[in-house]
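Spelled out, the chains give:
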Amino acid sequence: MANNDPAQSVRPEAVRFDEHGIHPIPGSSRDSTPWQQFWIWCGANIAPINWVLGALGVTLGLSLVETLTVIALGNVLGCAVFGLFNVMGHRTGVNQMVLGRGPFGRRGALVPGLVQGLLTTGWVGVNTWVVLDLVIEILAQLGVHGGTGLKYLVAGLIMALQLALALYGFYAIRTFEKYTVPATVLVMVVMTVLALAHTAPHWTAATATTAGGKVTAVTQLLTAIGIGWGITWLPYSADYSRFVRTGASDRSVFWSTALGMYVPTVWLAALGACLASAGEGSDPSSLVTGTFGVMAIPVLLLIMHGPVATNILNLYSCSLAALSIGIRAARWKVTLAAGTVASLFLAVFLQASGFAQAFDNWMSSILVWISPWAAICLVDFFVLRRGRVDVAALYRAGGGRGGPALVSLALGLPAGWAWQFGMVPALQGPLARTLGHTDFSWLSGGLVAGGLYYALAVRARRQATAGAAMAAGAVS
């Protein structure tokens, strides 16, 4: 029996230039497999920051067993939601910010698109800056010294590589992750064995002895590296799953992306927690230089791979967010502009580390917007529309005003802030302060926005149906 599906008959080319913008990906160009999606998200989350965030539970006073339990269970929920968002992209072939036009309308989606574009640019600078001290310290251990000049050289090389890959687009990103991530996973295996062989984790020791102290620590850990970690990636998800071949099942897309997020996040966070419980601290540079010896060079490559694998997604998704709000230019030109802005961020960070640290904390705090936005998109796609969207309507002029979604987002944001306890005092909400510095921002913002949007959307639908019935009766 002949196969007439162009997505099934296409033969993937080695690495071709990605000419796609924000229009739906045609079947002939959708040749990515679920397994390739796994490597993309696995690579994006093999990052030193997960060591630090994993150690946070022990730092906050939880025992190692408690920390590992929170990280493992919390990420089940966060990564499951992430997998659902990837299903949206696979079913429609549309990127995430354009999919947001479903509930928000074309005009209403401008605000989330603008926020996403700005955040991704900032993250490129932050992610590159975060690893530079670590790279320089490892190079010094290997006898390579160069001071500030060496730091700028390394920063320039990393920025150039990640910008080149993002400029070339999805197919280059896919190929880079496919061939580099398995190698970094092997390094992680050896790194984990060596690290645990040189340490003695304390499994049950905890400094938080009261029930209130433990609840506070659990909620903050859930937000930082548990449920909250998968949520922070939701605005990116469909940008890549839209390339998955049409014949792939939703289930395979869900599991490949959810596990691609879950495995490296939990693995590295657990390693950081084990080392912190053994008294090794949370600083990745201390871990590398003090433990790995002859493995310093492979670990150095893994560490430099981290920001590149993450930032190529930031730069690519930044360009799609910019196109989604109405900027008219070729995707690669927008990516080049985003890379230029990110390079300026990085230059400022290298001159003022204190400002960079404050900016990093601020960036993490304002991600509270994602939970209410995501809840609205989730309710709209899977509950109200039953998983089916009129794709053509997403691109029509006007495209609806999105009143219920905007109202819900406007009320979901303060609801999330009210129960947020981050590192920036101005963004610590009254509920978080009153209830023992707990942080349920992802839950309060999502429940308020998602629940309110459902109620308003159902009411609007009933009113429209009643109005149509009255008009039909008047005509008859």
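Residues numbered from 1 in each chain as written. Predicted model: local features only at pLDDT ≥ 70, side-chain atom pairs only at ≥ 80, totals over all residues. Heavy atoms only, no water.

### Description of the nonpolar core
Side chains of nonpolar character tend, in soluble globular proteins, to be buried together. Note the threshold: Put simply, buried Ala, Val, Leu, Ile, Met, Phe, Trp, Tyr and Cys residues joined by side-chain atoms within 4.5 Å make one nonpolar core. Accessibility here uses a 1.4 Å probe with only protein chains present; expressed as a share of the type maximum, an area under 20% marks a residue as buried, one over 50% as exposed, and anything in between as partly exposed. For helices the rule is a DSSP run of H or I covering at least 4 residues; for strands it is a run of E covering at least 2, with both sets numbered from the N terminus onward. Contacts are residue-level and defined by heavy atoms, with any inter-residue pair within 4.5 Å sufficient.
Of all hydrophobic cores here, the largest spans 118 residues; its most connected members are Trp41, Trp233, Leu234, Leu313 and Trp373. Looking at this core element by element, the count peaks at 15 residues for helix 15 (residues 296-324). Non-local contacts of Leu234, meaning those with residues more than four positions away in its chain, are made with Val81, Phe82, Phe85, Gln96, Ile370, Trp373 and Ala374.

### Some points on the pattern of salt bridges
We count it as follows: Salt bridge, as applied in this entry: a Lys or Arg side-chain nitrogen positioned within 4 Å of an Asp or Glu carboxyl oxygen.
On inspection of all chains with the given rule, the structure shows 6 salt bridges. Its salt-bridge partner being Arg16, residue Asp31 comes within 3.0 Å of it at the nearest N-O pair. Taken together, the positions of Asp31 in the loop between helix 1 (6-9) and helix 2 (34-44) and Arg16 in the loop between helix 1 and helix 2 put the pair 15 residues apart, joining distant regions of the chain. Grouping residues by exposure puts Asp31 and Arg16 together as buried. Taking the shortest distance from any N to any O, the salt bridge between Arg174 and Asp31 comes out at 2.8 Å. One end of the pair, Arg174, is in helix 9 (residues 170-197); the other, Asp31, is in the loop between helix 1 and helix 2, and 143 residues separate them in sequence. For Asp31, a relative accessible area of 5% corresponds to the buried category.

### Focus: a nonpolar patch on the surface
Note the following rule: Put simply, a patch holds well-exposed residues, over 30% relative accessible area, that have no salt bridge, with like charges counted together within 9 Å and Val, Leu, Ile, Met, Phe, Trp or Tyr side chains within 5 Å. Surface accessibility follows the Shrake-Rupley procedure with a 1.4 Å probe radius. Residue values consider only the protein chains on display as shielding.
A cluster of nonpolar side chains, namely Val15, Phe17, Tyr168, Trp332 and Leu336, defines an oily patch on the protein surface of about 410 Å² accessible area. Position of Phe17 among the secondary structure elements: in the loop between helix 1 and helix 2.

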